[in-house]
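Report on the structure
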Amino acid sequence: MINFGFSINKPRVIDIDNNNLRKSNEIILEMPELQACIGCGSCTASCTAGNLTDFNFRKVHTLVRRGEYQGAYMELNKCMLCGKCRLVCPRGINTRGIVMLIKRKLGDF
Amino acid sequence: MKHIVIIGGGIAGMQCAVELSSLGISATVIEKEHATGGKLASWHRLFPSFTPAEDVLGELRLKFAKAANISLRCGVTATEITPRKVTLSTGDELECDAVVLATGFTLFDARIKEEYGYGIYDNVVTSADLEDMFNRGEIVLKNGNKPRRIALLHCVGSRDEKVCQRHCSKVCCVTGVKQAIELKEMFPTADVFNFYMDIRMFGPGYEEMYREAQVKHNVHFVRGRISEVSPTIDGRLQLKAEDTLTGRPLKMSVDMLVLLVGMRANEENAELAARYGLQCQESGFMKPQDNFMHNVESNVEGIFYAGTITSPKSVGETLNEATTVALRIKDWLQKQ
Amino acid sequence: MKRSSWTDYQKDIADDNYYYARSCIRQNFFPGSEKAFLNILSKDLGRNIFDDPLHTSCTGIGYHSDIVPLPTIMTVVARQFSLMAEAGYENFTSSCITSFGIYTELLNTWEEFPELEEQTREALYKATGREFAKPKNLAHTSDVIFHHREEIARKAKHRLVNAHTGEPLRVVEHIGCHYAKIFPKSGIGGSEFPYVLAGMVEEWGGEVVDYPERRHCCGFGFRNYLVQANRGYSIANSHKKLESMSPYRPDFIVTNCPGCSMFLDKWQYTIAEMEGTTYGQNGCGIPVLTYEEMAGLVLGYDPWELGMQMHQVDVEPLLGKMGIEYDPSAKYLGRNGKYIGCPESAIVNSRAKETLYKIKR
């Protein structure tokens, strides 16, 4: 093996074709309201954890819906379950319920 | 009896003639095609209520046929327009008291956005093609199969400096959501994705339909514009976009791509402006006197505008505006 | 592949009397290609072309690496134009895609900002005492070959057809980004469905492969590969393209850009050594040709005279398919018959440690 002093970067692309969407579909089926998210960011703006860490609930659940599960469970552990996001969501999504659901479904990731 | 010449036999022209008739003013409608109805004649269903376009057009045609003092000239164009006289391509001259320009819009030619491969790759269709497929009752791929994954791309030929169409075509967002629901109803197990820059749900029931598409029909919405379409080895289409809400590039393959083509101004608008002293907007659509109290009057006395000649509009808005034109004309004639 | 749009993008390409500007990279990595271009133009096609020893690098590599500032490159380019006029030519043709992009960009810049052209005239005069005239016609050398593709087809000794099966060869064409992505109108076929190489391939009997990452950059990127630590994402682009094209089993890749030829060829070696992956047939790499090499093979040139021994990925499998006769033992003999050295065996060529070539010393 030759050491070239660099390696081949892994793609950052969200590859919908090769992502396993089974868990994502299960989550959406159980709580279809998650699909109603319009990405307004109210949840993240008001998030207790998100103001002190890089936790971003909107981003995490969007990635989960695209089949990007890596790290989602650990990220959601940062949620303090204070419930403020649910109060501010203009689409009436039970965000706290979503946090719990994703954690339950993605315990293995 | 006062007489008005209306150029364009789409829904704006027809509705305007019907309303003028009820106000005791006669009208002649000039239509370049061989039948009335304009672009609506080839549409399948209308947002947000999924009303068959045929129902709306059927009722309008019936009123048009029954109304007194309306004459229709199909298959002809106007070669010279003045507020008091319109010359036709047949050489006929029509005396009148005012003219209504209701020549509508042009659908954006999706071939211009080369990166989407319309006309090059199979199964890249426009929203208008899709309505046509709905009318024929069959949505099939080139190979005869049913689509299992479909993407709809918003803003094709709208809000795009690269193709000189800076304006928002307004109706495509709603059409995209409507068509996504219709596709889901036809193919419940298919995945349907909408790629959008902004979703503009400006009318009554539109936002509700959007939410229904998301929650009830599980239509996926990705905020990001598709930048490139290429073929895959199995005859599908690979799309590249950014999922801007996660800040990551995204790629996927689909069986069918629907391009939501925008409404652009007719090429002839510039000529109308140059020949008759009218004014165009930056978008190429005709410019009314103002956007409020004189929004259907041109800057030339006796020449009025109805419908999408001045800007993209929905069917409902167009019908409303055509009614307004009739009332304003009556007002204007009385002041003469 | 249906291409309905390429005819919308036409450009004037001079038919004769070219002033030739060479490429820095190609002179080092594919020196045979530039020689072949001159031979094809003057000997096969009977055209007049001037290979001027006085011209320099356009400094494009430095420019794109943030080393050479804009006023400097404008002055260097002005000097090339001055040399062209001095030699009595009006048609400028450059061998390098980035140079072509720079000439196109600067001619447009001067059009938009005449004061910059004035400044350049002044700088050139102060530095060299020269004045310059802008070319009447600017074309990349691949445009020139495209322009003469039918004449080349008429003189063809070989076609891009598998001599054993009669099937057209499957060709991946790769267009350098600076050819038409800066000014789509300056490239034949525009930037989405460029036709400059595809037109040659189709004219000479081959079949163009359209694959998902066809329009993607090779990853060259100047400052990106120049810095060793950045090469990971430079190579990742070639990797992405190779992964995407390999299911189509292409017989070879043809490119019109010095950097792309070099990278698509040499990165195959690197990827094979790093990951053990090869993308061609029978466990080998995919041969990467320049358009002059492709034209040269079609016209019956000897592959070693075309400089194809300089490739990282061996071209012999392709020569075999095309039914081209060549002397394997002459591969590493230079023009004067002197041994020029032989590369180590590599995975990308499916070669065991002992080389297959018996070198006559």
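Small disclaimer: the values here were computed from a predicted structure and weren't measured. (Residues numbered from 1 in each chain as written. Chains lettered and ligands numbered in written order. Predicted model: local features only at pLDDT ≥ 70, side-chain atom pairs only at ≥ 80, totals over all residues.)

**What to know about the overall build of chain C**
- When its secondary structure is counted, chain C shows 15 helices and 8 strands.
- For 361 residues, the compact-globule formula gives about 21 Å, and the C-alpha radius of gyration of chain C, at 20 Å, lands near that figure.
- Across its three principal directions, the C-alpha atoms of chain C cover 60 × 50 × 50 Å.
- Across the 361 residues that make up chain C, the buried fraction comes to 51%. (Helix = DSSP H or I, 4+ residues; strand = E, 2+ residues; numbered from the N terminus. Rg over C-alpha atoms; globule rule 2.2 N^0.38 Å. Buried ≥ 20, exposed ≤ 12 C-beta atoms within 10 Å, placed from the backbone.)

**Quick word on the environment of methionine 133 of chain B**
Residues and elements named next belong to chain B.
- Tracing the backbone through its elements, the reader meets methionine 133 in helix 3 (residues 127–136).
- For methionine 133, a count of 17 C-beta atoms within 10 Å gives the class partly exposed.
- Considered as a pair, methionine 133 and glutamate 93 are 40 residues apart in the sequence and their alpha carbons are 41 Å apart.
- Excluding residues that lie within four positions of it along the chain, methionine 133 makes contacts with Glu138 and Ile139. (Contact = placed C-beta atoms within 7 Å.)

**Details of the confidence of the model for chain C**
Residues and elements named next belong to chain C.
- Looking at chain C, the pLDDT average stands at 93 and 96% of residues meet or exceed 70.
- Per-residue pLDDT stays below 50 along residues 352–361; that stretch engages in 16 contacts with residues further than four places along the chain or on separate chains.
- For this predicted complex, the interface score ipTM comes out at 0.95, alongside a pTM of 0.95. (pLDDT = per-residue confidence, 0-100.)

**Re the pairing of strand 7 (residues 85–88) of chain B**
Residues and elements named next belong to chain B.
- Of the strand pairs in this sheet, strand 6 (residues 78–82) and strand 7 are connected by 4 bridges, and their pairing is antiparallel. The residue of strand 7 that forms the bridge with threonine 82 is lysine 85.
- Two successive antiparallel strands, strand 6 and strand 7, enclose a turn made up of 2 residues.
- Taking the residues between adjacent antiparallel strands as the criterion, strand 7 and strand 8 (residues 93–95) are bridged by 4 residues, where glycine 91 takes a positive phi near 95°. (Pairing = 2+ DSSP bridges.)

**Considerations on the nonpolar core**
- In this structure, Val77, Val171, Val201 and Val254 of chain C are the most contacted members of the largest nonpolar core, which totals 100 residues.
- The next biggest cluster of nonpolar side chains, apart from the first, holds 95 residues, and it includes Ile16 of chain A together with Ala78, Val156 and Val261 of chain B. (Core = buried A, V, L, I, M, F, W, Y, C linked by C-beta atoms within 7 Å.)

**So, the interface of chain B and chain C**
- Tallying the contact residues gives 11 residues for chain B and 13 residues for chain C.
- The element best represented in the side of chain B that touches chain C is strand 15 (residues 228–231) of chain B, accounting for 3 residues.

**Some remarks on the environment of isoleucine 16 of chain A**
- Inspection of the secondary structure assignment puts isoleucine 16 of chain A in the loop between strand 1 (14–15) and helix 1 (22–30).
- Residues isoleucine 16 of chain A and alanine 72 of chain A lie 56 residues apart in sequence; the distance between their C-alpha atoms is 17 Å.
- Those residues in contact with isoleucine 16 of chain A that lie beyond four places of it in its chain are Arg66 and Gly67 of chain A together with Leu250 and Met252 of chain B.

**A few points about the packing of helix 1 of chain A against helix 6 (residues 95–105) of chain A**
Residue and element names in this part refer to chain A.
- Between helix 1 and helix 6, the least distance of the axes is 10 Å, while the angle of their chain directions is 145°. Crossing hand, helix 1 versus helix 6: right-handed. Contacts between helix 1 and helix 6 pair Lys23, Glu26, Ile27 and Glu30 from the former with Leu101, Ile102 and Lys105 from the latter.
- Looking at the contact of helix 1 with helix 6, its residues break down into 3 nonpolar, no polar and 4 charged. (Axes fitted to C-alpha atoms, helices over the stretch in contact; angles between N-to-C directions. Left-handed = near helix turned anticlockwise from the far one by under 90°. Nonpolar A, V, L, I, M, F, W, Y, C, P; charged D, E, K, R; others polar.)

**Here we look at helix 3 of chain B**
Residue and element names in this part refer to chain B.
- Within helix 3, the full set of buried residues consists of Ser127, Leu130 and Glu131. Looking down the long axis of helix 3, one finds its buried residues gathered within 100° of arc, a one-sided arrangement.
- Packing partners of the buried residues in helix 3 comprise strand 11 (124–126), helix 4 (172–186) and strand 18 (256–261).
- After helix 3 finishes, the residue glycine 137 shows a positive phi value of roughly 75°. (Arc of directions from axis to C-beta.)

**Let's talk about the interface of chain A and chain B**
- Of the residues lining the interface, 17 residues belong to chain A; the matching set on chain B comes to 14 residues.
- Listing elements by their share of the side of chain A that touches chain B, those giving two or more residues are strand 1 and helix 3 (57–65) of chain A.
- Counting residues per element, the side of chain A that touches chain B draws most heavily on helix 3 of chain A, at 4 residues.
- Looking at the side of chain A that touches chain B, its residues break down into 7 nonpolar, 3 polar and 7 charged.
- Where strand 1 of chain A meets strand 17 (residues 248–254) of chain B, 2 bridges bridge the pair, whose relative direction is parallel. Pairing of aspartate 15 of chain A across the sheet is with lysine 251 of chain B, part of strand 17 of chain B.

**As for unusual backbone geometry**
- Going from phenylalanine 47 of chain B to proline 48 of chain B, the amide bond is cis rather than trans, its omega being -10°.
- Turning to its location among the elements, proline 48 of chain B is positioned in the loop between strand 3 (45–46) and strand 4 (51–52).
- Despite not being glycine, leucine 81 of chain A has its phi angle at roughly 55°, a positive value.
- Mapped onto the elements, leucine 81 of chain A comes out in the loop between helix 4 (72–76) and helix 5 (84–88).
- With 12 C-beta atoms packed within 10 Å, leucine 81 of chain A lands in the exposed category.

**Thoughts on the sheet that holds strand 1 (residues 18–21) of chain C**
Residue and element names in this part refer to chain C.
- Spatially, the 4 strands line up as an open sheet ordered 2-1-3-4, and their pairing is parallel. In the strand order of this sheet, the two ends are held by strand 2 (49–51) and strand 4 (137–140), each with one partner. Adjacent strand axes in the sheet meet at a mean angle of 25°, parallel and antiparallel pairs treated alike.
- Here 4 bridges tie strand 3 (residues 91–94) to strand 4, and the two strands are oriented parallel to one another. Paired with phenylalanine 92 across the bridge in strand 4 is leucine 138.
- Here helix 5 (residues 97–112) sits on the sheet and contacts strand 1, strand 3 and strand 4; the angle it forms with strand 4, its principal contact strand, is near 155°.

**Considerations on the packing of helix 2 (residues 31–44) of chain C against helix 14 (residues 291–298) of chain C**
Residues and elements named next belong to chain C.
- Two elements in contact, helix 2 and helix 14, have axes whose closest approach is 9 Å; the angle formed by their N-to-C orientations is 50°. In terms of orientation, helix 2 and helix 14 fall into the oblique class. Seen along the crossing, helix 2 lies across helix 14 with a hand that is left-handed. Every residue of helix 14 that contacts helix 2 at Ser33, Ala36, Phe37 and Ile40 is listed here: Glu292, Glu293, Ala295 and Gly296.
- Counted by class, the contact of helix 2 with helix 14 contains 4 nonpolar, 2 polar and 2 charged residues. (Parallel < 35°, antiparallel > 145°, perpendicular 65-115°, else oblique.)

**Digging into the sheet that holds strand 1 of chain A**
- Spatially, the 4 strands line up as an open sheet ordered 1(A)-17(B)-16(B)-15(B), and their pairing is mixed. Of all strands in the sheet, those with a lone pairing partner are strand 1 of chain A together with strand 15 of chain B, marking the two edges.
- Across 4 bridges, strand 15 of chain B lies against strand 16 (residues 237–243) of chain B in antiparallel orientation. Its bridge partner lying in strand 16 of chain B, proline 231 of chain B is registered against leucine 237 of chain B.

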